[in-house]
Amino acid sequence: MAYFPDVRPLERTGGSVERALRDVFHLPAIGASVAEARRRVLARLTEWDIGSLVRDDAQLVVSELFTNAVRHTDSEKVDCELRVTGERLRLEVTDQGAGPARPRTRGTRGAEGGAAGTAGSEGENGRGLLLVSALAEAWGIRPGAGGRGHMVWAELGFDPAAP
């Protein structure tokens, strides 16, 4: 796995440990990349000694965001960034595509507060962002670089001392 020059190790500042860790990876926009994204997130968070509950939640979140990027856009690749700062993990998934609409939740209000469509009780689709909303302390959507695609982010809080 590649290491990036802007990843800093744990540093001691003002008597407390400050975490400033970052990793970025890019995968083809195909179904098999969803499982690879989960594996990469798990490996990196394990390496960074992030607790198992947060690792599990982060894998679910990245799985949902990658799935949306693969299924609902015309992207060739999907980018993922992980960033730990203090007691927060930020996950960002960026597609290149020009899908039919901004990502949104089904059966509730989306991240921007707009009404979303409903998913049937037996439906397979439409609940990924509801799951993200339930697991994340905050999440949102913004246009991708150059105005193409979308970047969907989620932040998970955690206790650095938790196993």
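Residues numbered from 1 in each chain as written. Predicted model: local features only at pLDDT ≥ 70, side-chain atom pairs only at ≥ 80, totals over all residues. Heavy atoms only, no water.

A. Broad picture of the packing of aromatic side chains. Scanning all chains against the criterion turns up one aromatic pair. Ring plane angle 20° and centroid distance 6.3 Å describe the contact between Phe-25 and Phe-66, whose orientation is recorded as stacked. Residue Phe-25 is found in strand E3 (residues 20–28), and its partner Phe-66 is found in helix H2 (residues 52–72); the two are separated by 41 residues along the sequence. We note that Phe-25, like Phe-66, is buried. (Phe/Tyr/Trp six-rings, centres within 6.5 Å; stacked < 30°, edge-to-face > 60°. Helix = DSSP H or I, 4+ residues; strand = E, 2+ residues; numbered from the N terminus. Buried < 20%, exposed > 50% of the residue type's maximum accessible area, 1.4 Å probe, protein only.)

B. Region of interest: H2. With 21 residues, H2 extends 30 Å between its outermost C-alpha atoms, agreeing within 8% with the 30 Å of an ideal straight helix rising 1.5 Å per residue. Taken residue by residue, H2 has Val-54, Arg-55, Ala-58, Gln-59, Val-61, Val-62, Ser-63, Leu-65, Phe-66, Thr-67, Ala-69 and Val-70 as its buried positions. The secondary structure elements touched by the buried residues of H2 are E3, helix H1 (32–47), strand E4 (77–85), strand E5 (88–95), helix H3 (128–135) and strand E7 (150–157). (Expected span 1.5 Å × (residues − 1). Contact = heavy atoms within 4.5 Å.)

C. Representation of the pairing of E5. For E5, the buried fraction is high: seven of the eight residues fall into the buried class. Remark: two residues form the turn of the hairpin made by E4 and E5, two consecutive strands paired antiparallel; Gly-86 in that turn has positive phi of roughly 60°. As paired strands, E5 and E7 are joined by seven bridges and run antiparallel to one another. Each bridged residue has a counterpart across the sheet, and for Leu-91 the counterpart in E7 is Ala-154. (Pairing = 2+ DSSP bridges.)

D. Representation of the nonpolar core. Ranked by internal contacts, the top residues of the largest apolar core, which has 34 residues, are Phe-66, Leu-89, Val-93, Trp-139 and Leu-156. When residues of this core are traced back to their parent elements, those giving at least two are E3, H1, H2, E4, E5, H3, strand E6 (138–143) and E7. At eight residues, H2 tops the list of elements feeding residues into this core. Those residues in contact with Leu-156, other than ones at most four positions away along the chain, are Val-54, Asp-57, Ala-58, Val-61, Glu-87, Arg-88, Leu-89, Leu-91, Leu-135 and Ala-136. (Core = buried A, V, L, I, M, F, W, Y, C linked by side-chain atoms within 4.5 Å.)

E. Expanded view of the pairing of E6. Pairing analysis gives six bridges linking E6 to E7, with the strands arranged antiparallel. Counted as the bridge partner of Ile-141 is Val-152 from E7. In sequence, E6 turns back onto E7 through a hairpin of six residues, with Gly-146 there showing a positive phi of about 75°.

F. Structural view of the pattern of salt bridges. This structure, assessed with the given rule, holds 13 salt bridges. Note that Asp-74 is salt-bridged to Arg-148, the shortest N-O span being 3.5 Å. With Asp-74 in the loop between H2 and E4 and Arg-148 in the loop between E6 and E7, this pair connects stretches of sequence that are 74 residues apart. Exposure remark for Arg-148: the relative accessible area of 42% places this residue in the partly exposed category. (Salt bridge = Lys/Arg side-chain N within 4 Å of Asp/Glu carboxyl O.)

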